[in-house]
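This is what each chain is made of:
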Amino acid sequence: FRSPRAPAPVRNVVVLFEEGTADYAEVAARIAAELPAARYRATLVPIRADSSELLAPLVALRPSLAVAVGREAAELARKHLAATPLVFCQVFNYQEILTAGGAVWGVSPMPPLDLQLRGWNAVDPSRRRIGLIVSDAHAELVDDAVAAAAGAVEIKHEISSSDRETLYLFKRLASQVDGFWLLPDNRILSPNVLRELLSYAVSHGVGVLVFNDSLLSWGALMSATSTPDDVARGVRSVLDQVAAGATKQLPPLTPLAESRIEVNADVAS
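A brief look at the structure comes next. Everything numeric here is computed off the predicted structure, so don't read it as measured data. (Residues numbered from 1 in each chain as written. Predicted model: local features only at pLDDT ≥ 70, side-chain atom pairs only at ≥ 80, totals over all residues. Heavy atoms only, no water.)

This paragraph deals with the sheet that holds strand 10 (residues 222-225). Spatial strand order, 7-6-8-9-10-12: six strands in an open sheet with mixed pairing. In this open sheet, the two strands that pair with only one neighbour each are strand 7 (154-160) and strand 12 (260-263). Neighbour to neighbour, the strand axes of the sheet diverge by 20° on average, direction disregarded. Alignment of strand 10 against strand 12, held across four bridges, turns out to be antiparallel. Across the sheet, Thr225 pairs through a bridge with Arg260, a residue of strand 12. In the packing of helix 5 (residues 113-123) onto the sheet, the strands contacted are strand 6 (129-135), strand 8 (179-181), strand 9 (207-210), strand 10 and strand 12, and the crossing angle to strand 8 comes to about 155°. (Pairing = 2+ DSSP bridges. Helix = DSSP H or I, 4+ residues; strand = E, 2+ residues; numbered from the N terminus. Axes fitted to C-alpha atoms, helices over the stretch in contact; angles between N-to-C directions. Contact = heavy atoms within 4.5 Å.)

What follows is the structure, given as structure tokens:
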């Protein structure tokens with residue numbers, strides 16, 4: 001006779017997200033909905049620029065796991081919940097969060113590059129050369145983009161160290177490519193440069209694939225973004241492995257599986 005196995009304990013999970021960012025709020029809500037009540041007790045915690053008044057209630061929750069949606073949420077969790085295993089998402093410049101040490105894992109902030117290219121090809125199959133500018137911190141994305149292209153298109157790339165250099169390099173590349181791939185790197189992009197870059201692209205007939213739907217109104221050809229449900233499933237998968245203590249094979253950054261494509265019909269025509 002074997003006694004029945006005791007059920008796994010219900011774990012307190014705090015889901016921190018940056019208040020005022022609708023996308024982050026939606027992702028946080030989807031994450032909380034994805035976590036089964038039989039295994040997790042999820043508490044949504046919005047944070048603001050000055051969230052000092054949240055610290056005491058946050059610590060009082062005694063979470064056994066933390067989820068952070070957005071960089072500010074991740075930094076707050078790293079600072080004030082340092083002993084709590086953390087899973088973050090929607091953070092592009094994530095390197096410092098991972099290299100600070102501790103039990104920290106992330107979910108990719110971008111859809112798979114091959115899915116982005118597949119969606120782009122469906123809109124504009126005539127592309128032969130794509131421009132790509134990255135910061136030094138993300139130089140490995142050039143190799144990833146080349147692998148995703150699989151020889152179907154040529155990836156012409158440059159490394160930038162500032163937003164103004166990005167604009168200069170873009171204008172230099174614009175005459176050499178028939179499409180441009182923008183990544184969400186605020187180290188080398190700013191709102192002013194994005195506006196100028198996309199205006200230049202429209203006037204020179206260069207279709208730009210962007211990372212946010214809001215940039216379509218600025219003149220981008222199309223956007224490729226993650227879906228909240230896919231992000232939530234990725235976070236749930238990582239949390240399940242962390243809760244089970246199965247982290248030896250868990251990668252620092254778990255990839256997504258879906259891409260949502262939106263097209264600017266005016267630019268496309």
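Now that the structure has been shown, the text picks up again.
Right, let's talk about the packing of helix 5 against helix 6 (residues 140-149) for a bit. The interhelical angle for the contact between helix 5 and helix 6, taken along N-to-C directions, is 50°, at an axis separation of 9 Å. In terms of their interaxial angle, helix 5 and helix 6 are classed as oblique. Considering only the axes of helix 5 and helix 6, their crossing is right-handed. Two secondary-structure elements touch here, helix 5 through Leu113, Asp114 and Leu117 and helix 6 through Leu141, Asp144, Ala145, Ala148 and Ala149. (Parallel < 35°, antiparallel > 145°, perpendicular 65-115°, else oblique. Left-handed = near helix turned anticlockwise from the far one by under 90°.)

For the rest of this paragraph, the subject is the pairing of strand 1 (residues 11-18). Counting buried residues along strand 1, six of its eight residues qualify, which places the element largely inside the surrounding structure. Here strand 1 runs beside strand 2 (residues 40-47); their pairing, made up of eight bridges, is parallel. Along strand 2, the bridge assignment pairs Phe17 with Pro46. Handedness of the crossover is the feature at issue here: the chain leaves strand 1, passes through helix 1 (residues 22-34), returns alongside strand 2, and the resulting connection is right-handed. Two strands pair when backbone bridges link them, and strand 1 and strand 3 (residues 65-69) are joined in this way by five bridges, in the parallel orientation. Pairing of Leu16 across the sheet is with Ala68, part of strand 3. (Buried < 20%, exposed > 50% of the residue type's maximum accessible area, 1.4 Å probe, protein only. Right-handed = clockwise from strand over helix to strand, strands pointing away.)

What follows concerns the pattern of salt bridges. The tally for this structure, following the rule as stated, stands at 17 salt bridges. Where salt bridges share partners, they join Glu34, Arg39, Arg236 and Asp240 into one cluster. (Salt bridge = Lys/Arg side-chain N within 4 Å of Asp/Glu carboxyl O.)

Time to look at helix 5. All buried positions along helix 5 are accounted for by Leu113, Gln116, Leu117, Gly119 and Trp120. The arc that holds the buried residues of helix 5, viewed along the axis, is 160°, so those residues lie on one side. For helix 5, the exposed residues set more than 90 degrees away from the buried face come down to Arg118 and Ala122. Tucked inside the fold, the buried residues of helix 5 contact strand 6, helix 6, strand 8, strand 9, strand 10 and strand 12. (Arc of directions from axis to C-beta.)

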